[in-house]
Amino acid sequence: MTNQSNPDSSNLRALPSVDQLLKSLSAEQTATVGAARSASFARQIIDDMRKELQANGSPQSMTRDQLLSEAQSRWLKVCESDRRSGLQRVINATGVILHTNLGRAPLSEAARRAVVEAAEYCTLEYDLNTGSRGKRGARVEDLLKQLTGAEDALVVNNCASAALLVLTALAHNGETIVSRGELVEIGGDFRVPDVLANSGTTMVEVGTTNRTRLDDYRRALTNATRLVMRIHPSNYRIIGFTAAPTIDELVSFAHEAGLPLYEDAGSGVLTDLTEFGLEGEPVIRESISAGADVVSFSGDKLLGSAQAGLLVGSREIIEKLRRHSLYRALRADKLCLAALEATLDAHARGAATAEIPALRMLATPADEIRSRAEQMARKLQSTIEGEVLSLELLNGESAVGGGSGPNTHPATVLISLKHQQMSAAQIENQLRQSSPPIIARIAADRVLLDLRTVLPEDENHLLQALIELTRAV
Ligand SMILES: *Cc1c(COP(=O)(O)O)cnc(C)c1O
C-alpha cells in the first residue's frame, strides 16, 4: 500500500546497494580505475542518490533496474571526469604562445625525444668517457656558458627557486637593495618582496615607482648590504616620466661598493628577438657582458623548453650556489635536463627559430597564418554541406604570454566561428570536449581560433573537430 501512496520511500527501497552497483559493472570497466577507486566512486554515487531521493523525492516511482542504470551512468561520468581532470595534451588555439595554464612552452621534437629517452636509465650523473660518476647537467651547463658568455652555469627547478637560491646564498641575514619600480608580482604567486622575505634577506627599497636614480642606491648602502638586485618587470611596463639606471651603471655602482649585482631577467632571451616585434626583454649575454655577477631566467618562457630556473654568472658565485644546501632541494630532474639540453643545443646550432615551437610561433608572419586559415576554411567548405557553420577570417592579435613581452601583440588572422544553432559558449564547450581537446578564445560573443599557436601537425584534428560541430545538431 505504501508503495503507491509514497513513491519516495519505494524508490529508496529500490535504490541499489554499493555492492550491487559494483557487481553490475564489467571487470573491464572496474579495471580502468582500479577496484579501490571504483568502490569509492560507487559509495559516493549511491550516497548522493539516497540524499536526493530523501530531499526531493521523485514524482514517479522508479524500478530497481532504472535506478541501477542511473547509478551506472553516473559511475561512468565520474570516471570520465576523473580522467579528464588529469594532465593531457591539448591543442592551443588561443594565440597566447606561452599560455601559463596550458604549460607555457611546447617542447621541440628533439626535446620530446630526449625526454622519452631520459625516462629510462640515463647518464644523469655518469660519465661514459671514464665509466665513473659524472656531473649532473654538465652538458647543459656547458651550452649555457657558450650561449651567454658566462663563466659558469647551474640549473634549478624554476626561476622562482633560482631567485630564492641566489638571495639565500648571497644575502641571507644581510640587506638587498631593490628599486621600488621593480617590486613586481609576476603571477603564479611570484612576488619580489615575498621571495626576498623568504630568503631571509632584508629588502631595502629605493627610489619611487616610476623613477629611481643611482643616487638612491648609493644612499641605501650600509655595512649590512650584501647584494644589489635588478628585476625585469616582465609582465608590465611603466611608461611616461620614468628613469632607472642602466645595467652598466648598476654594475659599476655595485662593484665600486664591493657588492655583487644580481639580475632576475625572467624570460630567458638568448638572442635579440626585436625583429619579431619583441622589445625590452633583456638578452642574457648582454647582461653578462655588462658585468652582472649572476643572472637568473626561466627555461619555459622564451627559451622554449621545460620548466627550469637557469643561473649563469661568475665562477665564484655559481660555485657558491652549487655548494649551498638549498641547491640539493631545488635542483632539476633528469626529464627537465633532457628537454633543456636538446633545446639549448638547437639555440647553439643557430636553429632555434626553425626548431623551437615557441620561437617559431613568435616568428610566424600574419600572411602565413592567413594562408593556413584560408586553407582550413576551404577544406571545411569542401567537406560540409549547408551553412550550419560559417567561418570568417578577421585581423587580430596574438600574445606572447608567460609574463613576457606585454607590449608585443603579433598581428594575426583569426578564424571566427558562427553556428546556426549553437551559442559561442556551446561551440567553445564542444571544442573543449573533443579529442585532443581544443582550447579557443571567446570575444564579443564569438569563438575565435588563432592558428599561430596550433602546431601544423594538429591542423587536421582541428578540422575534424570543426566538421563534428556541423554534425552536432
Ligand atoms: C617569470 C618570472 C619569474 C618566475 O619564473 P618561474 O620560472 O615561473 O618560476 C621570476 N622572475 C621574473 C622576472 C620572471 O619574469
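Presented here is a report on the structure given in the accompanying data block. (Residues numbered from 1 in each chain as written. Predicted model: local features only at pLDDT ≥ 70, side-chain atom pairs only at ≥ 80, totals over all residues. Heavy atoms only, no water.)

**Focus on unusual backbone geometry**
For the bond running from Ser435 to Pro436, omega is -5 degrees, close enough to zero to count as cis. Positive phi, close to 65 degrees, is recorded for Asn173, a residue that is not glycine. We classify Asn173 as exposed; its relative accessible area is 65%. The phi dihedral of Ala444 is positive, around 45 degrees, even though this residue is not glycine. Tracing the chain through its elements places Ala444 in the loop between strand E18 (441–443) and strand E19 (446–450). (Buried < 20%, exposed > 50% of the residue type's maximum accessible area, 1.4 Å probe, protein only. Helix = DSSP H or I, 4+ residues; strand = E, 2+ residues; numbered from the N terminus.)

**Regarding the pairing of strand E16 (residues 411–419)**
With respect to burial, E16 is a largely interior element, seven of its nine residues being buried. Note that strand E14 (residues 389–397) and E16 share nine bridges and pair antiparallel. Bridged to Leu389 within E16 is His419. Both E16 and E19 contribute to a ladder of four bridges, which runs antiparallel. If you follow Leu417 over to E19, its bridge partner there is Val447. (Pairing = 2+ DSSP bridges.)

**Digging into helix H20 (residues 424–433)**
Within the sequence span of H20, burial applies to Ala424, Ile427, Glu428 and Leu431. Buried positions in H20, seen along its axis, are confined to an arc of 95 degrees and lie on one side of it. Packed against the buried residues of H20 are E16, strand E17 (438–439), E18, E19 and helix H21 (459–471). (Arc of directions from axis to C-beta. Contact = heavy atoms within 4.5 Å.)

**Observations concerning the pattern of salt bridges**
A complete count under the given rule lists 34 salt bridges for this structure. A salt bridge links Asp458 to Arg89, with the nearest nitrogen and oxygen atoms 3.1 Å apart. Of this pair, Asp458 sits in the loop between E19 and H21 while Arg89 sits in the loop between helix H6 (64–84) and strand E1 (91–92), and the two are 369 residues apart along the sequence. Between Arg322 and Glu141 there is a salt bridge; the shortest N-O distance is 2.9 Å. Pair noted here: Arg322 is in helix H14 (residues 315–323) and Glu141 is in helix H8 (residues 138–148), with a separation of 181 residues, a long-range link. Residues joined by salt bridges that share partners form a network here, namely Lys135, Glu141, Asp152, Glu319, Arg322 and Arg323. (Salt bridge = Lys/Arg side-chain N within 4 Å of Asp/Glu carboxyl O.)

**Concerning the packing of aromatic side chains**
Across all of its chains, the model carries one aromatic pair by this definition. Directly above the ring of Phe241 sits Arg211, whose terminal nitrogen or CZ lies 3.9 Å from the centroid. (Phe/Tyr/Trp six-rings, centres within 6.5 Å; stacked < 30°, edge-to-face > 60°. Lys NZ or Arg CZ within 6 Å of the ring centre and 35° of its normal.)

**A closer look at the nonpolar core**
Among the nonpolar cores identified, the biggest contains 38 residues, and Leu144, Val155, Phe297, Val312 and Leu344 are the most heavily contacted of them. Take this core: its biggest share by element is five residues, from helix H12 (residues 247–256). Dropping the residues within four chain positions of it, Leu144 is found in contact with Gly149, Ala153, Val155, Phe297, Leu310, Val312 and Leu344. Counting residues in hydrophobic clusters, the runner-up holds 30 residues, among them Ile91, Ala377, Ile427 and Ala440. (Core = buried A, V, L, I, M, F, W, Y, C linked by side-chain atoms within 4.5 Å.)

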